[in-house]
Amino acid sequence: MNRQQLVVADDTVVQIDYTLTLVDGEVYDSSAESGPLEYLHGHEQLIPGLEAALAGMRAGESKEVVVTPDVGYGEYDPEAVELVPYDAIPSEMDLEVGMTIDLYDEENEQEIEAQVAEIGDDGVVLDLNHPLAGETLHFSVKVIGVRDATAEEIAHGHAHGEDDDH
Ligand code: ZN
């Protein structure tokens, strides 16, 4: 099959170049340094607003996409902020406002990222919101390639790169 004719659809593996710019003009992230991003379409690997915009595109096509928080990283939740006493934090940790630390959420059994919002007298204020919560995101995307996913990729729910060993 001619890969040029494939369109981005569920169970295709898509390679994109992208630049993510925030409302204030700051370039937050870009594939320019890391190389194209490869993902399995239709398996919630991207935020919903970006994934929906890519559906139906072909290799070589570009698009400007504006993603609002409801289809991005969610609204900012002012309740998702916690004061953590110093004795609950490993002493070897060098804390700095703005840094991201990994926490283990025992209730949901998953790793979450928290941002150090404040270093106070009684402890550290951690912001558990995603760093991009509440942000309207502007993506400049270009589809580099589209191919059918393998049965294994579909079963795993992610794309396998060239040097993937499983
Ligand atoms: Zn896998």
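Description of the structure in this document. (Residues numbered from 1 in each chain as written. Predicted model: local features only at pLDDT ≥ 70, side-chain atom pairs only at ≥ 80, totals over all residues. Heavy atoms only, no water.)

Attention now moves to the overall build of the chain. Counting its regular elements, the chain contains 3 helices and 9 strands. Helices (α) and strands (β) of the chain occur, in sequence order from the N terminus, as β-β-α-β-α-β-β-β-β-β-β-α. Its C-alpha atoms put the chain at 65 × 40 × 25 Å along the principal axes. Nonlocal contacts in the chain, meaning residues at least 24 apart in sequence, comprise 64% of its contacts between residues at least 6 apart. With an accessible surface of roughly 10,300 Å², the chain has 45% of that area assigned to carbon and sulfur atoms. Here the chain contributes 5 positively and 40 negatively charged side chains, and the mean placements of these two sets differ by 25 Å. (Helix = DSSP H or I, 4+ residues; strand = E, 2+ residues; numbered from the N terminus. Contact = heavy atoms within 4.5 Å. Areas by Shrake-Rupley, 256 points an atom, 1.4 Å probe, with all protein chains shown as cover. Lys, Arg positive; Asp, Glu negative; His and termini not counted. Charge placed at Lys NZ, Arg CZ, Asp CG, Glu CD.)

On to the pattern of salt bridges. Taken as a whole and judged by the stated rule, the model has 2 salt bridges. Its salt-bridge partner being Glu153, residue Arg147 comes within 2.9 Å of it at the nearest N-O pair. Because the salt bridges share partners, they merge into one network encompassing Glu38, Arg147 and Glu153. (Salt bridge = Lys/Arg side-chain N within 4 Å of Asp/Glu carboxyl O.)

The subject of this paragraph is the sheet that holds strand β5 (residues 81-85). Judged by pairing direction, the sheet is antiparallel, and its 4 strands sit side by side in the order β5-β8-β7-β6 without closing on themselves. The open sheet is flanked by β5 and β6 (100-105), the only strands paired with a single partner. Strand-to-strand, the axes of this sheet are offset by a mean angle of 45°, without reference to chain direction. (Pairing = 2+ DSSP bridges. Axes fitted to C-alpha atoms, helices over the stretch in contact; angles between N-to-C directions.)

Looking now at a nonpolar patch on the surface. On the surface, Tyr86, Val97 and Ile119 cluster together into a nonpolar patch covering about 270 Å² of accessible area. Within the secondary structure layout, Ile119 lies in strand β7 (residues 110-119). Looking at Ile119, the relative accessible area reads 39%, which means it is partly exposed. (Patch = residues over 30% accessible without salt bridge, like charges linked within 9 Å, V, L, I, M, F, W, Y side chains within 5 Å. Buried < 20%, exposed > 50% of the residue type's maximum accessible area, 1.4 Å probe, protein only.)

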